[in-house]
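What the coordinates show
The chain contents come next:
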Amino acid sequence: MRLLFLKVINIHNFLGKICMKDIKEVINKGCFWLKNSGIINSSNDENLGGVRSWYDPDQDEYGFYYSEITGYMISTLLYINQYIDKDSKNIQLACSSKNWLIERMYDSDVSGFKCRHNNDHNKLNNRICTFDNGMILSGLVELHKASNSDTLSEQIFGLDALLSKNFLVDDNNIAEHRYLPHENNFESEKIGWSNQNGSFLIKSLKGLLSFYDLSENKNIKDLEKIFDKVVLMQSTNGQFITDKYLNTTFLHPQCYTIEGLIVAYEYFNKESYKNSIIKGLMWMLSLQNINTGGFSHFVSEDIIDHNESVDINAQVLRIWIVALSKKWIIEDNNIELLIKRIISYQNTNQNDQKSFGGFRYGYSLQNEKINHINCWGTMFSIQALDYADKYFN
């Protein structure tokens, strides 16, 4: 793999030039979009509190309701309330999203949340996905902690049982991934990283670890062997193969894997986890496109796809800042290009409230420009830029 040898610059001088006030304004606009654009349904109907995947300004329509992203939204609103803007509306919206999940998406027969809700009858709607439910559990537990409630909901206990069972598989796999209730079976694997059980699934253990903090009869050591297994899956160059059929790496799940290991390191303090994080990050940094500052979707052998999306760029920045703040690495070469690249995705058209402040997706793997304002990309960008603001300021 050809490494890019990047010019060393004074990052603090750069950030002084663009002014941290400007970054704060970008963050605040992103928060405004999350809370006021309609991406969280505020209509007094059956989907009140549900979070849509994106808003398409060209068609003036929202995408499907997405349980995983609703779980992310709860966590993000709590993050915003704690670190960016303390506002009762953050908690109100988070509670509304929790209620939507429980009332509309919970399948009590399997103790899990269905994947999507839209007007068609795609089987994606009723899948019970391990990853999605892990993100939901994380949001529900964080909201429980923030509300100082004495009672854990039955859905939290249900998710604990579901995820614990799904991760109890043989030594050659990480977890069972997509359950199809109507077939009473797990979906067969196929090409595409999200269609396979893989290393990225360990990020969903964040919810279980958070729940174990509250439970006297749970031992986090039960989860340690899963993280140990993932470390052994890493290539010597730091890469995680995310599609075993095509032998390719999609950076989105590569980042999920590293994010999962960051959480694991906080709990277990194992040197092997830290080393894996550093290797994985340094491999990704070697792929930075110095013409744009961003990162490609995927890598196949020596072929780098140069299509970018804002979610991946924000994920890399989050991991990069974490590694810098912990002094695991000192390489901050061209981080300023990445920050500017992420900011460039933000919609600044104040005449369109449904778009203003949100972040455009970018390009698909097929080199198709996707102009929609992406919900998870915006959440990731807000947090990544806030990390950068707090680290460099």
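Parameters at a glance
- Residues numbered from 1 in each chain as written.
- Predicted model: local features only at pLDDT ≥ 70, side-chain atom pairs only at ≥ 80, totals over all residues.
- Heavy atoms only, no water.
- Helix = DSSP H or I, 4+ residues; strand = E, 2+ residues; numbered from the N terminus.
- Expected span 1.5 Å × (residues − 1).
- Buried < 20%, exposed > 50% of the residue type's maximum accessible area, 1.4 Å probe, protein only.
- Polar contact = N/O pair within 3.5 Å; in protein donor to acceptor, adjacent residues only side chain to side chain.
- Pairing = 2+ DSSP bridges.
- Contact = heavy atoms within 4.5 Å.
- Axes fitted to C-alpha atoms, helices over the stretch in contact; angles between N-to-C directions.
- Salt bridge = Lys/Arg side-chain N within 4 Å of Asp/Glu carboxyl O.

1. Remarks on helix 13 (residues 375–392)
Residues separated by three or four positions in an α-helix point in the same direction, a consequence of the helix having 3.6 residues per turn. Here helix 13 spans 26 Å end to end across 18 residues, near enough to the 26 Å set by a 1.5 Å rise per residue. Most of helix 13 sits inside the fold, with 15 of its 18 residues counted as buried. Between a side-chain oxygen at the N-terminus of helix 13 and the backbone nitrogen of tryptophan 376 the separation is 3.3 Å; the capping residue is asparagine 374.

2. Section: the sheet that holds strand 12 (residues 303–304)
In spatial order, the strands read 10-11-12; together these three strands make up an open sheet with antiparallel pairing. Only two strands of the sheet have a single neighbouring strand rather than two, namely strand 10 (248–250) and strand 12. Relative to strand 12, strand 11 (residues 298–300) runs antiparallel, the two sharing two bridges. Across the sheet, valine 299 pairs through a bridge with isoleucine 304, a residue of strand 12. Helix 9 (residues 251–268) rests against strand 10 and strand 11 of the sheet, and its axis sits at about 75 degrees to strand 10.

3. Digging into the pairing of strand 13 (residues 359–363)
The two faces of the sheet receive side chains in turn, since in a regular strand these alternate between them. The sheet contact formed by strand 13 and strand 14 (residues 369–374) spans four bridges and is antiparallel. Note that in strand 14 the partner of phenylalanine 359 across the bridge is asparagine 374. If you look at the hairpin formed by strand 13 and strand 14, you'll find five residues sitting between the two strands, and asparagine 367 has a positive phi there, around 65 degrees.

4. Section: the pattern of salt bridges
Where side chains of opposite charge bring their charged atoms close, a pairing between them can arise. Inspection of every chain in the model, using the stated rule, returns 19 salt bridges. Residues aspartate 389 and lysine 24 are paired through a salt bridge, measuring 2.7 Å at the closest nitrogen-oxygen approach. In this pair, aspartate 389 is assigned in helix 13 and lysine 24 in helix 2 (residues 20–36), connecting sequence segments 365 residues apart. Taking relative accessible area as the criterion, lysine 24 reaches 38% and is therefore assigned partly exposed.

5. Things to note about the sheet that holds strand 8 (residues 178–180)
Here three strands make up an open sheet; going across it, the order is 7-8-9 and the pairing antiparallel. The sheet terminates laterally at strand 7 (128–129) and strand 9 (185–186), the two strands that pair on one side only.

6. Description of the environment of lysine 270
As for its placement among the helices and strands, lysine 270 is situated in the loop between helix 9 and helix 10 (271–285). Taking the C-alpha atoms as reference, lysine 270 lies 19 Å from phenylalanine 200; in sequence the two are 70 residues apart. The contacts of lysine 270, once residues within four sequence positions are left out, are Glu224, Asp228 and Tyr265.

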